[in-house]
Amino acid sequence: MKVLFVTSEIAPWVKTGGLGDVAAALPLALAEAGNDVRVLVPYYPALRQALPKATAVASLDGFDALFANSALHEARVGNLSLLMLDCPAYYDRPGNPYLGPQGRDWPDNHLRFGLLSRVAAWLGSDENALPWRPDVVHCNDWQSALAAAYLRLLPGGRARSLLTIHNLAFQGLFPRDALLQVGLPESSWSLDGVEFYGQLSFLKAGLQFADAITTVSPTYAREIQTEVDGMGLGGLLHHRAASLHGILNGIDGNEWDPAHDQHLPYPYDVHNLDAKAANKHALQAQMHLPQRDDLPLLGIVSRLTHQKGLDLVTALGDALPVLPVQLAVLGSGESALEDLFRRVAERHRNHIAVKIGFDEALAHRIEAGADMFLMPSRFEPCGLNQMYSLRYGTPPIVRATGGLADTVIDGVNGFAFLEPTAAALLATLQRAVATWRDRSRWRHMQQDGMARDHSWAAPAQRYSQIYASL
Ligand code: ADP
Ligand code: GLC
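Remember, it's a predicted structure, so these values are computed and weren't measured experimentally. (Residues numbered from 1 in each chain as written. Chains lettered and ligands numbered in written order. Predicted model: local features only at pLDDT ≥ 70, side-chain atom pairs only at ≥ 80, totals over all residues. Heavy atoms only, no water.)

1. Re the environment of proline 265
Stage number 1. You can see proline 265 is positioned in the loop between β12 (244-246) and α10 (275-286).
Stage number 2. Distance in space between the C-alpha atoms of proline 265 and alanine 275 is 9.8 Å, their sequence separation being 10 residues.
Stage number 3. When neighbours within four sequence positions are excluded, proline 265 is seen to be in contact with Asn279, Ala282 and Arg365. (Helix = DSSP H or I, 4+ residues; strand = E, 2+ residues; numbered from the N terminus. Contact = heavy atoms within 4.5 Å.)

Structure follows, in structure tokens:
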């Protein structure tokens, strides 16, 4: 199958979370499974800098008012084929792909990602006269969801569409005026169309019109069909249940491999787990924590948002040193949560260290140097960090939701709890600390996690089957 994979972020160049990791790894696995894959992504400054020699393949001027002054550039990075959408007025902006300097959404995001979606649909239509035309347009999240709507609403021959939900919380909601600005027909403004409580919803548009829908774990696929976890779209998703599949994400085994990780001072594998202790010491030193072996070190690497349930951790603040544990946190996001973490770290300098920011190298060092990894998420479509930590022999402590429930087995390779409360988290931490003190049981847990296969090979097969069925 010829597959166009459309994404608003791609690691290592532009990444705010797991979608960036998925967009870098899944297309390669899809290609290995026999598909001919191109990735369509905006030509952000970071990509322009990294790939200045990309060749222009098409100027898109004149097709559509939305297309003004845009062009497509092509580049190959290893086995990855990139199609980069150049439109300086929309994408030549520094930093985070969605937010302006004040931390607020860019006011023209509907045009920026409307264009991305429109060009994806154009590539998949018989208007496209380039030598390559996809059979399937694979959209990801609201930023490219509109491609599915364009493909269905525009006349002519067309590719089939698949929309993957990475996070139902981000829906791409805009005022009604945006409808005509992004070139959707007036007739699509209805309950069975793109309207969502008086606004235009990019995500709903995609869910209505995509030929197939996937999400990133089987448990999340069930959760989002309910009123409680469906975030206003549960009814629609339930209605589309026959076309909705939960496919657990994989992880990039080259990028996240404790034996060959460039970011680690002391690489290790399942046969020399003792070297993990040296990484712990290095991490403690880097985070200015006392280098103690008699306490377990907990790690957190996360966007700091309500989704991640980290306020349960700050609520426990004063209880952590008496458990006793140390805690190393790397994250950025909501300023209220950043402040809570800063304050609790100030109160307990010998036990809690916090770094606010985005730091790829430190993320790897925490996965390796921590004894346990903490993810008390309120909801978690898949979650990649718990799979990284399984691979790094760092048993995860998670709330049993979404992909966390599908990957962490309580008492076998990690610990899981159900109630999103600080009390439930504390009880689970106590169990984990007691288990950590039993060295041989702990070793078994580490080995179990490290032996699991979380590669992209099996998920890529599942996606390929769905492409073929379309
Ligand atoms: P989400 O996509 O909801 O943020 P995931 O667990 O799927 O959650 O993926 C998060 C990805 O982003 C992981 O690769 C994680 O290591 C990375 N990450 C999150 N916050 C940071 C940070 N502050 N510094 C470095 N990497 C981070
Ligand atoms: C989203 C989800 C996360 C998932 C990632 C990649 O950001 O929050 O759970 O792992 O997408 O699919």
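The structure having been displayed, the exposition proceeds.
2. Concerning the site of ligand 1
Stage number 1. Close to ligand 1 lie 20 residues, the nearest being Gly18, Asp21, Arg303, Lys308 and Gly357.
Stage number 2. The side chain of lysine 308 places a nitrogen or oxygen atom 2.8 Å from an oxygen atom of ligand 1.
Stage number 3. Here aspartate 359 contributes a backbone N or O atom positioned 3.0 Å from a nitrogen atom of ligand 1.
Stage number 4. Contact with the protein chains removes 94% of the 560 Å² of surface that ligand 1 exposes when unbound.
Stage number 5. Sorting the residues of the shell around ligand 1 by element identifies α1 (18-32), β13 (297-304), β14 (326-333) and α14 (385-391) as the ones contributing at least two each.
Stage number 6. Among the elements that line the shell around ligand 1, the one with the most residues is β13, at three residues.
Stage number 7. Residue composition of the shell around ligand 1, grouped by class: six nonpolar, eight polar and six charged.
Stage number 8. There are two domains that each give the shell around ligand 1 at least three residues, and those are domain 1 (2-250 + 457-469) and domain 2 (273-451). (Near = heavy atom within 4 Å. Polar contact = N/O pair within 3.5 Å; in protein donor to acceptor, adjacent residues only side chain to side chain. Areas by Shrake-Rupley, 256 points an atom, 1.4 Å probe, with all protein chains shown as cover. Nonpolar A, V, L, I, M, F, W, Y, C, P; charged D, E, K, R; others polar. Domains from an automatic or database assignment.)

3. A closer look at the pattern of salt bridges
Stage number 1. Tallying each qualifying case throughout the model produces 21 salt bridges.
Stage number 2. The salt bridge involving arginine 378 is made with aspartate 311; its shortest N-O contact spans 2.7 Å. Of this pair, arginine 378 sits in the loop between β16 (372-375) and α14 while aspartate 311 sits in helix α11 (residues 311-316), and the two are 67 residues apart along the sequence.
Stage number 3. Note that lysine 355 is salt-bridged to aspartate 359, the shortest N-O span being 2.9 Å.
Stage number 4. Taken together, the salt bridges that share partners define one network made up of Lys15, Asp21 and Glu360. (Salt bridge = Lys/Arg side-chain N within 4 Å of Asp/Glu carboxyl O.)

4. Looking at the side chain of serine 144
Stage number 1. Inspection of the secondary structure puts serine 144 in helix α5 (residues 141-153).
Stage number 2. Apart from residues no more than four positions distant in its own chain, serine 144 is found in contact with Val6, Leu116, Ser117 and Cys139.

Distances and angles like these do not, on their own, reveal function.
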